[in-house]
Amino acid sequence: MKRILFVLFAAVLALQAGTFAAGKKLFAQKCSSCHAGYVPADRLKENFFEKNNTLLHLKAPTVNMLAYAIMRSPKHIGDPRDPEMRGDEIAAYLEDTLTHPQRSNTICDPNFMKFYDVKKPLTPPLTEAEYDTLSFFFMHYKAEHSKHNPRPAKHLTSTYSMTNILEEAKRTHKRVILEAMSPTCHFCKIMERDVIETEPVQTLLQKGYLFVKLNVDKQMFPLGLDKVYKHVTPSFFVLDANGTLEGHYPGSWKQRDFTMILNHHMPKE
């Protein structure tokens, strides 16, 4: 029975991966002439808020801006608690907005609309199955992108201080994990490869944390953390957005144990 369930689960994952790949291909064929690919959030902020769109010259939202608008923006489509119904609603929204585009009904950030070209109806229109495929693509975009594009850790420096990190944590409603490490530490490298860079850990880190590294060979500990540091690398300190220490975990960890730590300290939604 366990083997049958495993085979069925593997088949479902393969089907989902194929559907996402089909959606990615469809987006590239039908949408990419107007909508650029992934652009990091900090670069988008610089482009719109500092450079007045002179950096990227975007004429339409990027793929990740669209995925955010559809799934997580204040005007998001559908109820996150009902994925099946939400998929149908997103497909219906895509059909409506691609065949009858109206600026007044946009779910994208209105602050950026002045930079965009007036949208024309998509011709020829997509089929119902293609709208469903695009819906699946947007629903799973963030998870799939995170899976294949692990977010690098931030590094504590004189110009990127703990003050900057805590400000970002407050703004994004995340906690901070500070790793005390050394470039010569053998176990740091092993944990980086076998734990930190794996999909389950990356998913949890991106969901609820700012992951920051401190080189113990060159840098001082902030916030008095040197008083609890056990002189073991790697060591992990979990802090809330105010800089209060919530947990100290010295040593290298297995993936299962490290995910338990991350889930234990995960910010409440």
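Located above this text is the structure these notes cover.
Attention in this report is confined to the structure presented alongside it. Note that this is a predicted model, so its numbers are computed, not measured. (Residues numbered from 1 in each chain as written. Predicted model: local features only at pLDDT ≥ 70, side-chain atom pairs only at ≥ 80, totals over all residues. Heavy atoms only, no water.)

Looking at the pattern of salt bridges
Note that side chains of opposite charge can pair when their charged atoms are close. Here is the rule we go by: For this analysis, a salt bridge means a side-chain nitrogen from Lys or Arg found within 4 Å of a carboxyl oxygen belonging to Asp or Glu. Only protein chains enter the accessibility calculation, which uses a 1.4 Å probe; a residue whose area is less than 20% of its type maximum is buried, one above 50% is exposed, and one in between is partly exposed. Note on conventions: DSSP H or I runs of at least 4 residues are helices, E runs of at least 2 residues are strands, and numbering of each starts at the N terminus.
Per the counting criterion, the structure on display carries five salt bridges. One salt bridge connects Asp79 with Arg81, and the closest N-O pair in it is separated by 3.1 Å. Owing to a relative accessible area of 29%, Asp79 belongs among the partly exposed residues under this scheme. Overall, Arg81 belongs to the exposed group, its relative accessible area being 74%. We note a salt bridge from Lys213 to Glu192, for which the minimum N-O separation is 2.8 Å. Here Glu192 lies in helix α8 (residues 186-196) and Lys213 lies in strand β3 (residues 209-215), a separation of 21 residues in the sequence.

Focus: the pairing of strand β2 (residues 175-181)
Regular strands have side chains that alternate between both faces of the sheet. Inclusion rule: Only strands joined by at least two bridges in the DSSP assignment are considered to pair.
Across the seven residues that make up β2, a large majority, seven, are buried. Here β2 shows a buried face lined by Arg175, Ile177, Glu179 and Met181 and a second buried face lined by Val176, Leu178 and Ala180. Bridge count for β2 against β3 is seven bridges, and the pairing is parallel. In the sheet register, Arg175 faces β3, and the bridge partner there is Tyr209. Of the pairings in the sheet, the one linking β2 to strand β4 (residues 235-239) comprises five bridges and is antiparallel in character.

Points about the layout of surface pockets
Gaps left between atoms are located by rolling a probe of water-molecule size over the structure's atoms. Threshold: Here a cavity denotes a set of grid points, spaced 1 Å apart and computed over the protein atoms alone, in which a 1.4 Å probe fits but from which it cannot get out, and a pocket denotes an open set meeting protein on both sides within 12 Å along at least five of seven lines; residues with an atom within 4 Å of a point are reported as lining. Grid points are joined across faces, edges and corners, and a volume is the space filled by probe spheres set on the points. When residues are grouped by polarity, Ala, Val, Leu, Ile, Met, Phe, Trp, Tyr, Cys and Pro land in nonpolar, Asp, Glu, Lys and Arg in charged, and all others, Gly among them, in polar.
Taken as a whole, the second largest pocket encloses approximately 580 Å³ of empty space. Along the wall of the second largest pocket there are 28 residues; nearest its centre are His35, Pro61, Thr97, Pro101 and Lys119. Contributions of two or more residues to the lining of the second largest pocket are made by α3 (63-71), α4 (83-99) and α5 (128-139). When residues in the lining of the second largest pocket are grouped by element, the largest group, four residues, is from α4. Class assignment for the residues of the lining of the second largest pocket results in 18 nonpolar, five polar and five charged.

Here's the deal with the nonpolar core
Put simply, the rule is: In this text, buried Ala, Val, Leu, Ile, Met, Phe, Trp, Tyr and Cys residues form a nonpolar core when linked through side-chain atoms within 4.5 Å. Residue contacts are defined here by distance: any two heavy atoms, one from each residue, within 4.5 Å place the two residues in contact.
Counting residues in hydrophobic clusters, the biggest one holds 35 residues, and the most contacted among them are Phe27, Phe48, Ile70, Leu94, Leu134, Phe137 and Phe138. For this core, the elements supplying multiple residues, two or more each, are α1 (2-30), α2 (41-50), α3, α4 and α5. Take this core: its biggest share by element is seven residues, from α3. Apart from residues no more than four positions distant in its own chain, Leu134 is found in contact with Gly23, Leu26, Phe27, Cys31, Leu94, Leu98 and Leu126.

Considerations on the sheet that holds β3
Pairing within the open sheet is mixed, and its five strands lie in the order β1-β3-β2-β4-β5. Across the chains shown, the open sheet's two edge strands, defined by having one partner strand only, are β1 (154-155) and β5 (245-250). Relative to β5, β4 runs antiparallel, the two being bridged by five bridges. If you follow Leu239 over to β5, its bridge partner there is Leu245.

Some words on the side chain of Thr106
The criterion, for reference: Here a polar contact is recorded for every N or O atom pair within 3.5 Å, except that within protein the pair must consist of a potential hydrogen donor and a potential acceptor, and residues adjacent in sequence are included only if both atoms are side-chain atoms.
The topology assignment puts Thr106 in the loop between α4 and α5. From its side chain, Thr106 meets the backbone nitrogen of Cys108 in a polar contact 3.0 Å long. Residues contacting Thr106, with those up to four places away along its chain left out, are Lys75 and Met113.

With respect to the environment of Phe237
Looking at where Phe237 falls in the secondary structure, it is placed in strand β4. For Phe237, a relative accessible area of 0% puts it in the buried group. The spacing of Phe237 and Pro250 is 13 residues in sequence and 8.4 Å in space, taken between C-alpha atoms.

Read these as geometric descriptors, not functional statements.
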